[in-house]
2 protein chains.
Amino acid sequence: MEYMNTAPASSAAAGEPRWLTDEEQRVWRAYVDATTLLEDHLDRQLQRDAGMPHVYYGLLVKLAEAPHRRLRMTELAKDAKITRSRLSHAVARLERNGWVRREDCPSDKRGQFAVLTDEGMEVLRRHAPGHVNAVRQAVFDRLTPEQQKSLGEIMGIVAEGLQPCEAGADLPWLR
Amino acid sequence: MEYMNTAPASSAAAGEPRWLTDEEQRVWRAYVDATTLLEDHLDRQLQRDAGMPHVYYGLLVKLAEAPHRRLRMTELAKDAKITRSRLSHAVARLERNGWVRREDCPSDKRGQFAVLTDEGMEVLRRHAPGHVNAVRQAVFDRLTPEQQKSLGEIMGIVAEGLQPCEAGADLPWLR
DNA sequence: ATCTATTACTTGAACTCTCAAGCTCTACGG
DNA sequence: CCGTAGAGCTTGAGAGTTCAAGTAATAGAT
């Protein structure tokens, strides 16, 4: 009746999947609930206050931290863990807002830089406090220092496992 | 230059936001990276194999576990942590697929049940192994038992904090 | 009884994301 | 030099999501 329950018996059948134990299920559901609620919460806060979803805000942040407030599209996509296509659409929108501007790459005529404008920088400055506050309230204020450390380690491991081999063949970016 | 960095000095100005420390930032970025990559990974796996995104799969699971494979729309939305509007659209799609059917509630003419069809149950059965496998590979196989326990606790805390007060005024569900 | 507030759910439009092409340019092998 | 494979980025269409507004029925208050 369940979709991921304890195996009835450890039947060593080759094709038999290793179902999640009850405890694993609890963990997984907590994860799904928390991430769903949190992403929703942050999206709503930023949409209301800054007029953009969480991902877009993240893009502005990456640009703000980059050398000349500029990053090649592919770099930015990689940093933000999103596809190039998604980034193209996103930057188009941010450009319409006047927060980002595109610039041609001199050394490679195919290349494009996404550049954070002063206006974009200003938007970031204005709305960072609210965002940090939301993150703090939802996450850090509720966790002990040990839990925070744990969270960092765990998420680091998970992220690394899903990363496109880190400097190997960047398959997901070929999509 | 950064959007959530260490405070320059602990200026006790009333409006001064409590920026994240470097370590908190590392944790937060790991969290964002991991959740982005994982959700993307699961969506892709389920879309490819089962023809639906992760959220939709989750809805079928909730229904499969419910008493008569049926749940009131609002209940289902609450369980899945999504808005009613999103659920309405989702169920409409799942209904077109023949995996879910709507039924009127006899005791409340406004109410609707979402009911998992046999076909829907079958889809779940067929694709559960692949999904469990993906989750296991990305998460559980990479974490020690202690880390798994930690993850469960931490995510439980975060989820609880964002929950609509649990049996209190369910504000988010009025939206 | 009737009026109002609330609950339950849906709808449509605007926006975002994905997927599969597509275009242009670079790299490099002959 | 070509010619072709691949890189870098964009595009359009379809699917999913959000937000604000809408319909219909119930619950309470008068």
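The following refers to the structure shown.

Analysis parameters
- Residues numbered from 1 in each chain as written.
- Chains lettered and ligands numbered in written order.
- Predicted model: local features only at pLDDT ≥ 70, side-chain atom pairs only at ≥ 80, totals over all residues.
- Heavy atoms only, no water.
- Contact = heavy atoms within 4.5 Å.
- Buried area = accessible area lost by both parts, 1.4 Å probe.
- Salt bridge = Lys/Arg side-chain N within 4 Å of Asp/Glu carboxyl O.
- Helix = DSSP H or I, 4+ residues; strand = E, 2+ residues; numbered from the N terminus.
- Pairing = 2+ DSSP bridges.
- Axes fitted to C-alpha atoms, helices over the stretch in contact; angles between N-to-C directions.
- Near = heavy atom within 4 Å.
- Polar contact = N/O pair within 3.5 Å; in protein donor to acceptor, adjacent residues only side chain to side chain.
- Nonpolar A, V, L, I, M, F, W, Y, C, P; charged D, E, K, R; others polar.

Across the contact, 63 residues belong to chain A and 63 residues belong to chain B. With both sides pooled, the region where chain A packs onto chain B buries about 6,100 Å², and carbon together with sulfur makes up 70% of that total. Summed over the three residues of chain A that lose the most area to chain B, namely Trp28, Leu37 and Leu162 of chain A, the buried surface amounts to 10% of that side. At the boundary of chain A with chain B, the tally comes to eight salt bridges. In this structure, arginine 136 of chain A and glutamate 24 of chain B form a salt bridge, with 3.0 Å as the shortest nitrogen-oxygen distance. Sorting the residues of the side of chain A that touches chain B by element identifies helix H1 (22–50), helix H2 (54–65), helix H3 (73–80), helix H5 (118–138) and helix H6 (145–162) of chain A as the ones contributing at least two each.

Let us look at the sheet that holds strand S3 (residues 112–116) of chain A. Residue and element names in this part refer to chain A. Taking strand neighbours across the sheet as the criterion, the three strands line up as S1-S3-S2 in an open arrangement whose pairing is antiparallel. Two strands bound the open sheet, and with one partner strand each, they are strand S1 (70–72) and strand S2 (100–104). Geometrically, the sheet is characterised by an average inter-axis angle of 30° between neighbouring strands, direction not taken into account. Bridging between S1 and S3 involves three bridges; their strand directions are antiparallel. Across the sheet, leucine 71 pairs through a bridge with alanine 114, a residue of S3.

Turning our attention to the protein's contact with DNA strand C. Near DNA strand C lie 24 residues; those nearest to it are Arg44, Thr74, Ser88, Arg102 and Arg110 of chain B. The share of sugar and phosphate among atoms of DNA strand C within 4 Å of the protein is 64%. Here a phosphate oxygen of DNA strand C sits 3.1 Å away from a polar atom, N or O, in the side chain of arginine 72 of chain B. Where the surface near DNA strand C is concerned, the elements lending two or more residues are H2 and helix H4 (84–96) of chain A together with helix H1 (22–50), helix H3 (73–80) and helix H4 (84–96) of chain B. Class assignment for the residues of the surface near DNA strand C results in four nonpolar, nine polar and eleven charged.

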